[in-house]
Amino acid sequence: MSLISNYIKLLRKEFSGYNKQKLSKDLLSGITVAAVALPLALAFGVGSGASAASGIVTAIISGLFIGALSGASFQISGPTGAMTAILVPLVAQYGLQGVFIACMFSGVILLIAGIFKLGDLVSFIPLPVITGFTSGIAVIIALGQINSLTGFASSGHSTLAKLASYFTTPQSFDGAAFFIGASVILFMAVYPKKLNQYCPSSLAAIILATLAAVVFKLPVDKVGEIPRTLFLEDRLHLGGINIDQIQGLLIPAVSIAALGLIESLLCGASAGRMKNEKMNARQELIAQGVGNILLPFFGGVPATAAIARTSVAISSGGQTRLTSVIHAVILLLSMFAFGGIMSSIPLAALAGVLILTAWRMNEWHVIKDIFSKKLKSSISKFLITMAATVIFDLTIAIIIGIFFSVVVFLIKVSDMQINICDIDPNKLHDKTQYNDNHRRTCVIYITGPLYFGTANKLEEKLSDFPEKDVLIFSMRGVPLADISGVKVLEDLCVRLSQQQKTVYFTCIQPAVMEMFERCGMREYIGEDKFFWSTDKVLSKIGRSHVC
């Protein structure tokens, strides 16, 4: 009930003061987004291994259901280029029914993630990993269009297997297809940005390519029939679900859900800054879950929030989630009114759109920063994640990227610094008080976390102590500790005690002190050996201030 009440509060806030002026803005924005979404929906439908009709149905259902239930007023969902990278090998191995089953399961996973507020996990993925992941997907999308662009044939489920098959399979080059695809890429690349507000470059390119193919009767493969129905012939049938097949589809379902979660939340965060509105991540994941559960029953492919379409919705003046609903209605009308024309669109033209879209997917400003500033660890994370995305499954790629990032982080934080200083008489408030007691005292400054990764290093560095009777451990620079590090320090104190040396601890941060208490170290060493500052220690033993 709390989920429903929160959603109602979200709607009330969003539509507070809604009037005809805002409705007209939503209407114009919806039409603009539909113009952008139409060619992309066709391209992503074909590019995913399904059909152009499947792409349009996905955009329509996503716009209606995910848009209406979204956690923000601006999110536009639908088929995306990133998702095609998962779907192409999935279609090749399991067919469309396998895609539909995996899509439904991914929706369930997203729904659970939303209910249990798991969206915050995205914040733990480093930026270079996300950038490498996106670039890897862009490579997969571009390579996946070679067949439609050139007329070549390939076989195999993975990207590398398909690339290898080009050298082992007899090939024939389709000059007409290549001409159309290359022309679309060139046209979109030089298309004036100021004209995009009137007619998106992808839509204009596809219209011109289709006219050229029809007028000059070019012998190229076309999209084919676009059914005038929302319920496609190829859709999920519960009776046809094979229990044995489900096991093999669980990992792809997790991959789809993970990609959907990452893309939707990152899109929401980015677009939220554009509109100065914070997205409800929990509600967004619930919306994505519901949408992806429903999509297979219409014949749609997995969907997620799309940053390009969402940006267009905001920049064109969209006020509420009605922009998403209106764009879906426009796409539905286009499907019924222009289905016959759409069926004549050359596949090579869609391939051209996808190749340029893949190029633009790359976060070039981030990549430039990483390489120009020579951030070695970030460059490594980027390249490893990108390579893993192309070579392995997308979920495995993210795991590899995060694992590598954690290893790099642990190596960096394991750099513990230990400095041993004698008492400097020049730093005493009263230099005349400097005596033999001061000469027999030293301060040991520890900087860095005290945990299992630094425990051995601490033991090595403190194996040989100076010949001092009193040792003061200053731990202001220790932000955290675990039982491994505390145990090493405790054993050290035991050895020092056996050597008749006195040990004090100062400047311990609350989190570290809590661990000392839980491990029994404070009780074992003695309450009178812990002080908030070195001044207090020196006061106790009759000394002046030490810096």
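Residues numbered from 1 in each chain as written. Predicted model: local features only at pLDDT ≥ 70, side-chain atom pairs only at ≥ 80, totals over all residues. Heavy atoms only, no water.

**Quick word on the pattern of salt bridges**
Stage number 1. With the rule as written, the count across this model stands at eight salt bridges.
Stage number 2. The residue Glu14 makes a salt bridge to Arg321 at a minimum N-O spacing of 2.7 Å. Taken together, the residues Glu14 in helix H1 (residues 2-14) and Arg321 in the loop between helix H12 (307-315) and helix H13 (322-337) connect sequence positions 307 residues apart.
Stage number 3. On the accessibility criterion, Arg321 (4% relative accessible area) is buried.
Stage number 4. Sharing partners across several salt bridges, the network here consists of Glu517, Arg522 and Glu527. (Salt bridge = Lys/Arg side-chain N within 4 Å of Asp/Glu carboxyl O. Helix = DSSP H or I, 4+ residues; strand = E, 2+ residues; numbered from the N terminus. Buried < 20%, exposed > 50% of the residue type's maximum accessible area, 1.4 Å probe, protein only.)

**Quick notes on the packing of aromatic side chains**
Stage number 1. Per the counting criterion, the structure on display carries 14 aromatic pairs.
Stage number 2. Residues Phe173 and Phe178 carry aromatic rings whose centres are separated by 5.5 Å and whose planes lie at 55° to one another, so their mutual orientation is tilted.
Stage number 3. Under the relative-accessibility criterion, Phe178 is labelled partly exposed at 37%.
Stage number 4. Ring geometry for Phe187 and Tyr191: centres 5.3 Å apart, planes at 50°, overall tilted.
Stage number 5. The exposure class assigned to Phe187 is partly exposed, which follows from its relative accessible area of 27%.
Stage number 6. Ring pairing ties together the aromatic residues Phe152, Tyr166, Phe173 and Phe178, which thus form one cluster. (Phe/Tyr/Trp six-rings, centres within 6.5 Å; stacked < 30°, edge-to-face > 60°.)

**Structural notes on H13**
Stage number 1. Taking 1.5 Å per residue, 16 residues should reach 22 Å; H13 reaches 22 Å between its end C-alpha atoms and fits that length.
Stage number 2. Listed as buried for H13 are Thr323, Ser324, Ile326, His327, Ala328, Leu331, Ser334 and Met335.
Stage number 3. Each element contacted by the buried residues of H13 is listed here: helix H2 (20-47), helix H3 (52-69), strand E1 (77-78), H12 and helix H14 (339-342). (Expected span 1.5 Å × (residues − 1). Contact = heavy atoms within 4.5 Å.)

**Looking at the side chain of Thr80**
Stage number 1. With respect to the secondary-structure elements, Thr80 resides in the loop between E1 and helix H4 (81-115).
Stage number 2. With residues up to four places along the chain from it excluded, the contact list for Thr80 reads Phe44, Glu263, Thr304, Ala305, Ala306 and Arg309.

**Re the packing of H2 against H3**
Stage number 1. Where H2 meets H3, the axes come as close as 6 Å, and the angle between the chain directions of the two elements is 125°. As summarised for this structure, H2 and H3 are arranged oblique, according to the angle between their axes. The hand of the H2/H3 crossing is right-handed. Here Leu38, Ala41, Leu42, Gly45 and Val46 of H2 come into contact with H3, specifically with Ala52, Gly55, Ile56 and Ala59.
Stage number 2. Taken together, the residues of the contact of H2 with H3 break down into seven nonpolar, two polar and no charged. (Axes fitted to C-alpha atoms, helices over the stretch in contact; angles between N-to-C directions. Parallel < 35°, antiparallel > 145°, perpendicular 65-115°, else oblique. Left-handed = near helix turned anticlockwise from the far one by under 90°. Nonpolar A, V, L, I, M, F, W, Y, C, P; charged D, E, K, R; others polar.)

**Points about a nonpolar patch on the surface**
Stage number 1. The grouping of Val108, Ile112, Ile115, Phe116, Leu118, Leu121 and Phe124 at the surface amounts to a nonpolar patch, some 680 Å² of accessible area in total.
Stage number 2. The residue Leu118 is located in the loop between H4 and helix H5 (127-143) in this model. (Patch = residues over 30% accessible without salt bridge, like charges linked within 9 Å, V, L, I, M, F, W, Y side chains within 5 Å. Areas by Shrake-Rupley, 256 points an atom, 1.4 Å probe, with all protein chains shown as cover.)

**Observations concerning the sheet that holds strand E7 (residues 530-531)**
Stage number 1. Within the open sheet, the five strands sit side by side as E3-E4-E5-E6-E7. Their pairing is mixed. Because the sheet does not close on itself, it has two edges, and the strands there are strand E3 (417-422) and E7.
Stage number 2. Sheet topology places strand E5 (residues 470-477) next to strand E6 (residues 502-506); five bridges connect them, and they run parallel. When the sheet's bridge partners are listed, Val470 is paired in E6 with Thr502. (Pairing = 2+ DSSP bridges.)

**Concerning the packing of H5 against helix H18 (residues 394-413)**
Stage number 1. At a closest axis distance of 10 Å, the pairing of H5 and H18 adopts a crossing angle of 150°. In terms of orientation, H5 and H18 fall into the roughly antiparallel class. The crossing of H5 and H18 is right-handed. Here H5 contributes Val129, Phe133, Ile137 and Ile140 to the contact with H18, which in turn contributes Leu394, Ile398, Gly401, Ile402 and Ser405.
Stage number 2. Within the contact of H5 with H18, the residues separate by chemical class into seven nonpolar, two polar and no charged.

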